[in-house]
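Understanding the architecture of this molecule
Listed here are the chains, written in short residue letters.
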Amino acid sequence: MLELKNVHKTFNIGTINEKKALQGIDLHLDPGDFVTIIGGNGAGKSTMLNMIAGVYPIDAGKIILNGDDVSRKPEHARARHLGRVFQDPMRGTAAGMEIEENLALAYRRGKSRGLSWGITKKEKELYHEKLKILELGLEDRMTSKVGLLSGGQRQALTLLMAALQKPELLLLDEHTAALDPKTAKKVLELTEKIVDENNLTAMMVTHNMKDAIRMGNRLIMMNDGKIIYDVRGEEKKNLHVSELLQKFEEASGDEFANDRMLLS
Ligand SMILES: Nc1ncnc2c1ncn2[C@@H]1O[C@H](COP(=O)(O)OP(=O)(O)O)[C@@H](O)[C@H]1O
Ligand SMILES: [Mg+2]
């Protein structure tokens, strides 16, 4: 499904701001894997997802998506294989457009037609049905402007849009971090539901260790541009937050004190 081979990325090479963000990432995902990713600030989590999506070129190594070497392919060429949701609820949807128009854009992604043909009755039925899954009542507000929605509603919609074309890989980068705890919980439940119902392969960065343990079938810890811990199945389910903290401290020589991971 996804294969990262010895992926390296250094930002600002040769300058005083040089930063080795990824230092030899090796990772193999099987179809249906749902991987949670944790690690301190600056560990390279977002960079890893950005490299998979082709936001920046990699310096060395290989990225293979569904058997296809995409290492040198630009972002737009990879986009139709991927769904992405970011931390910022404003980023995944167009505020000035209606809910159904946003969905139509997601639905037609990669097709040449855009919105020029209008939204058909059949499409509206599909969007209505999909929006119902969210249980937010948005199916009755399909012509409302997205800018009127709350952050949580927008993230839920972004998630739906990201999954609409059944991407080969869903990339979630702290997508509930900007939401209040109750809304975050709801969006996480939706995440599990959408991943499950569509049999998606997913990578989810979170700073919440409990969520990282509870969700998905595999957990990865990153530190200083490397994967320092990779655990799956029963072993993962049986983990405790204290063990994760210990692993982190062993690997990094740092404590998690004051880090927001401890607070949530
Ligand atoms: N576009 C960029 N330009 C320069 N440095 C970057 C860029 N993106 C990330 N970095 C640096 O790379 C390191 C890893 O960042 P990031 O992947 O965002 O960490 P995380 O998501 O784990 O908090 C950090 O030191 C960060 O400052
Ligand atoms: Mg990040």
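Everything quoted here is computed from the prediction, not taken from an experiment.

Once that is clear, we can look at the sheet that holds strand β1 (residues 2-11). One open sheet accounts for four strands, arranged β2-β1-β4-β5; its pairing is antiparallel. Edge positions in the open sheet fall to β2 (19-29) and β5 (68-69), since each of these has one partner strand only. The pairing of β1 with β2 spans eight bridges and is classified as antiparallel. Looking across to β2, one finds that His8 is bridged to Gln23. Lying on the sheet, helix α1 (residues 45-53) is in contact with β1, β2 and β4 (60-65); it crosses β1 at an angle near 115 degrees.

In terms of nonpolar packing, the biggest core is built from 34 residues, with Ile99, Leu103, Leu131, Leu134, Leu157, Leu159 and Leu170 touching the most fellow members. Those elements that provide at least two residues to this core are α3 (99-107), α4 (121-134), α5 (151-164), β7 (169-173), α6 (181-197) and β8 (202-205). The two domains that each donate at least three residues to this core are domain 1 (33-57 + 67-81 + 167-264) and domain 2 (93-166). Apart from residues no more than four positions distant in its own chain, Ile99 is found in contact with Leu131, Leu138, Arg141, Met142, Ser144, Val146, Leu149 and Leu157. The next biggest cluster of nonpolar side chains, apart from the first, holds 26 residues, and it includes Leu4, Leu22, Ile25 and Ile52.

Running from amino to carboxyl end, α5 crosses α6 at an angle of 10 degrees, the nearest separation of the two axes being 10 Å. Taken together, the axes of α5 and α6 lie roughly parallel to each other. In this structure, α5 contributes Gly152, Gln155, Ala156, Leu159, Leu160 and Ala163 to the contact, and α6 contributes Thr183, Val187, Leu190, Thr191 and Ile194. Split into classes, the residues belonging to the contact of α5 with α6 amount to seven nonpolar, four polar and no charged.

Relative to the elements of secondary structure, Asp33 occurs in the loop between β2 and β3 (34-39). From its side chain, Asp33 meets the backbone nitrogen of Asp30 in a polar contact 2.9 Å long. Looking at Asp33, its side chain comes within polar contact range of the side chain of Asn217, at 2.8 Å. Beyond its immediate sequence surroundings of up to four residues, Asp33 is in contact with His28, Leu200, Thr201, Ala202, Asn217 and Arg218.

To continue, consider the environment of Leu171. Note on placement: Leu171 falls in strand β7. A C-alpha to C-alpha distance of 8.4 Å links Leu171 and Phe86, two positions 85 residues apart in sequence. Here Leu171 is in contact with Leu49, Ile52, Ala53, Leu82, Gly83, Arg84, Val85 and Met203, once residues within four sequence places are set aside.

When cut into domains, the chain gives domain 1 (33-57 + 67-81 + 167-264) and domain 2 (93-166). Computed over C-alpha atoms, the centres of domain 1 and domain 2 are 26 Å apart. Each partner contributes to the interface: domain 1 provides 18 residues, whereas domain 2 provides 15 residues. It is Pro167, Leu190 and Ile194 in domain 1 that bury the most area against domain 2; as a group they hold 33% of the surface buried on that side. One can count two salt bridges joining domain 1 with domain 2. The closest approach of N and O atoms between Glu135 and Lys193, which form a salt bridge, is 3.9 Å.

Residues in close proximity to ligand 1 total 13 residues, the closest being Gly42, Gly44, Lys45, Ser46 and Thr47. In the model, an oxygen atom of ligand 1 is placed 3.0 Å from a nitrogen or oxygen of the Gly44 main chain. One of the side-chain N or O atoms of Lys45 is found 2.7 Å from an oxygen atom in ligand 1. Counting residues per element, the ones that place at least two in the shell around ligand 1 are β2 and α1.

It is worth spelling out α1 at this point. Burial analysis of α1 places eight of its nine residues in the buried class, which makes it a mostly covered element. Within the span of α1, buried status applies to Lys45, Thr47, Met48, Leu49, Asn50, Met51, Ile52 and Ala53. Phi turns positive, to about 80 degrees, at Gly54, one or two residues after α1.

Reading the values: rules and limits
Residues numbered from 1 in each chain as written. Chains lettered and ligands numbered in written order. Predicted model: local features only at pLDDT ≥ 70, side-chain atom pairs only at ≥ 80, totals over all residues. Heavy atoms only, no water. Pairing = 2+ DSSP bridges. Helix = DSSP H or I, 4+ residues; strand = E, 2+ residues; numbered from the N terminus. Contact = heavy atoms within 4.5 Å. Axes fitted to C-alpha atoms, helices over the stretch in contact; angles between N-to-C directions. Core = buried A, V, L, I, M, F, W, Y, C linked by side-chain atoms within 4.5 Å. Buried < 20%, exposed > 50% of the residue type's maximum accessible area, 1.4 Å probe, protein only. Domains from an automatic or database assignment. Parallel < 35°, antiparallel > 145°, perpendicular 65-115°, else oblique. Nonpolar A, V, L, I, M, F, W, Y, C, P; charged D, E, K, R; others polar. Polar contact = N/O pair within 3.5 Å; in protein donor to acceptor, adjacent residues only side chain to side chain. Buried area = accessible area lost by both parts, 1.4 Å probe. Salt bridge = Lys/Arg side-chain N within 4 Å of Asp/Glu carboxyl O. Near = heavy atom within 4 Å.

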